[in-house]
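Structural characterization, general
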Amino acid sequence: MSNNALAAIALTIMTLSTPATAATPWRSCSGPPVADAAHELLPCTDRPNCVSTEHPADERRIVPPAAVSIDALRQAALTEPRSQIVAEGPQWFIAHFRSRLFGFIDEAHVIQRPDGQLAVRSGACSGYSDFGVNRARLLRIFTRASGTKRLE
């Protein structure tokens, strides 16, 4: 076997056996690319159409329930009307939600950190304000996933 053939085989094996720690780039619908969707949330812009667990402003920050699994959140997200998981890994996922009337897309990104804490961002892909839709949707998803009656 030639050196070129061996090199091609080695490259194929390396490509097929990507380590679990490899970065997963993602191009969000609402901003710049994220270098590693498994570990990094895109920050919210200055428009009031986004909420995040990492936002510095209280009115734009959302607090997820404690001790909820990423799988429970994934399943709860899929129960939302017109929802679709567009990217995922063992400890993260990105979901799109399409509005009924105009077909606008909102994007939610959920990461379960190694310590069990959840990092979540949900924002509109276009437009200025979402009139609280992303916060309300996340609260419904959190409620379903945690089995509680209602979260504030």
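The structure under discussion appears in the preceding block.
The text that follows walks through the structure, step by step, so that each part is easy to find. (Residues numbered from 1 in each chain as written. Predicted model: local features only at pLDDT ≥ 70, side-chain atom pairs only at ≥ 80, totals over all residues. Heavy atoms only, no water.)

**Points about the layout of surface pockets**
- Roughly 370 Å³ of volume is contained in the largest pocket.
- If you trace the largest pocket, you find 20 residues lining it, with Ser99, Phe104, Asp106, Val133 and Arg137 closest to the centre.
- Put simply, the parts of the chain that give the lining of the largest pocket at least two residues each are strand S5 (92-98), strand S6 (105-112) and helix H3 (133-146).
- Here the element with the most residues in the lining of the largest pocket is H3; it accounts for three residues.
- Along the lines of polarity and charge, the residues of the lining of the largest pocket split into eight nonpolar, four polar and eight charged. (1 Å grid on protein atoms, 1.4 Å probe; cavity = no way out; pocket = protein on both sides within 12 Å on 5 of 7 lines; lining within 4 Å. Points joined across faces, edges and corners; volume = space filled by probe spheres on them. Helix = DSSP H or I, 4+ residues; strand = E, 2+ residues; numbered from the N terminus. Nonpolar A, V, L, I, M, F, W, Y, C, P; charged D, E, K, R; others polar.)

**Digging into the packing of aromatic side chains**
- Tallying each qualifying case throughout the model produces one aromatic pair.
- Ring geometry for phenylalanine 102 and phenylalanine 104: centres 5.7 Å apart, planes at 35°, overall tilted.
- Overall, the relative accessible area of 49% leaves phenylalanine 104 in the partly exposed class. (Phe/Tyr/Trp six-rings, centres within 6.5 Å; stacked < 30°, edge-to-face > 60°. Buried < 20%, exposed > 50% of the residue type's maximum accessible area, 1.4 Å probe, protein only.)

**Observations regarding a nonpolar patch on the surface**
- On the surface, Leu101, Phe102 and Phe104 cluster together into a nonpolar patch covering about 400 Å² of accessible area.
- Residue placement: phenylalanine 104 occurs in the loop between S5 and S6. (Patch = residues over 30% accessible without salt bridge, like charges linked within 9 Å, V, L, I, M, F, W, Y side chains within 5 Å. Areas by Shrake-Rupley, 256 points an atom, 1.4 Å probe, with all protein chains shown as cover. Salt bridge = Lys/Arg side-chain N within 4 Å of Asp/Glu carboxyl O.)

That is the geometry; function is a separate question.
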